[in-house]
Amino acid sequence: RFVSHEQCTNNGRWVLVKEYPTFDGGFVLSRTDITETKRIERALAQSEANLRAVLNATDEAIYLVEPNGQVAAVNSEGARRFGKSAEVMLGRRYPSLVGLGRSSKSDHPARIAVATGEPARRVRQDGGRWFEDVVYPVLDERGQLVRLAVFSSDITYRKTVDDALAESEANI
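This section reports on the structure supplied with the text. All figures in this text were calculated on a predicted structure; none of them were measured in a lab. (Residues numbered from 1 in each chain as written. Predicted model: local features only at pLDDT ≥ 70, side-chain atom pairs only at ≥ 80, totals over all residues. Heavy atoms only, no water.)

### Section: the packing of aromatic side chains
Here a ring pair, both rings aromatic, is described through the centre-centre distance and the interplanar angle of the planes.
Point 1. One pass over the structure, following the stated rule, counts 4 aromatic pairs.
Point 2. Aromatic pair Tyr-63 and Phe-82: ring centres 5.8 Å apart, planes at 85°, arrangement edge-to-face. With a gap of 19 residues between them, Tyr-63 in strand β4 (residues 61-65) and Phe-82 in helix α2 (residues 76-82) connect regions that are remote in the sequence.
Point 3. Judged by relative accessible area, Tyr-63 falls into the buried class, the value being 4%.
Point 4. Judged by its relative accessible area of 28%, Phe-82 falls in the partly exposed class.
Point 5. Pairing Phe-82 with Tyr-94 gives two aromatic rings, centres 4.9 Å apart and planes at 70°, and the pair type is edge-to-face. Of the two residues, Phe-82 is situated in helix α2 and Tyr-94 in the loop between α3 (86-89) and α4 (109-116); the sequence distance between them amounts to 12 residues.
Point 6. Of the residues examined, Tyr-94 reaches a relative accessible area of 10% and is grouped as buried.
Point 7. Three or more aromatic residues joined by ring pairs make a cluster, and in this case those are Tyr-63, Phe-82 and Tyr-94.
Point 8. Here Lys-159 stacks its cationic end above the ring of Trp-130, 4.6 Å away from the centre of that ring. (Phe/Tyr/Trp six-rings, centres within 6.5 Å; stacked < 30°, edge-to-face > 60°. Helix = DSSP H or I, 4+ residues; strand = E, 2+ residues; numbered from the N terminus. Buried < 20%, exposed > 50% of the residue type's maximum accessible area, 1.4 Å probe, protein only. Lys NZ or Arg CZ within 6 Å of the ring centre and 35° of its normal.)

From the geometry alone we can't say anything about function, so treat these as descriptive.
Right, here's the structure in full:
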């Protein structure tokens, strides 16, 4: 069994050091340059942090889900609307997001997006608030559905203004 650790050298390069014990009580040391791997890891971490910042900068609920409703990504507003943390939601199934819930109908935008391969939208009322949901199919390089991107905007204020305007125009 070997022992390993990463080490930054004086010239800024990273190496993975492995020590293998020998039968006579000594050891064999191996060093592998992992500078490029470390650079890629840092770039990936920065890219993920940037994506999280963008997703959480909006007041829209955003979900990336598998066709069975399993959450692959969710922003903080999306998790808040379910009363959970994003960490709790990841990997769990939420069938209502993809039109598989008990109260879901065939006109659910996720079902339409799956059937047509095109984005689908709906306006719905939930708990006294109005929401516009838009579901985009996410396709692989062969054009096969792999995920659904769900965006949900609270349009309560807009709906209230539109209704008031319509009522005002009707009274003219």
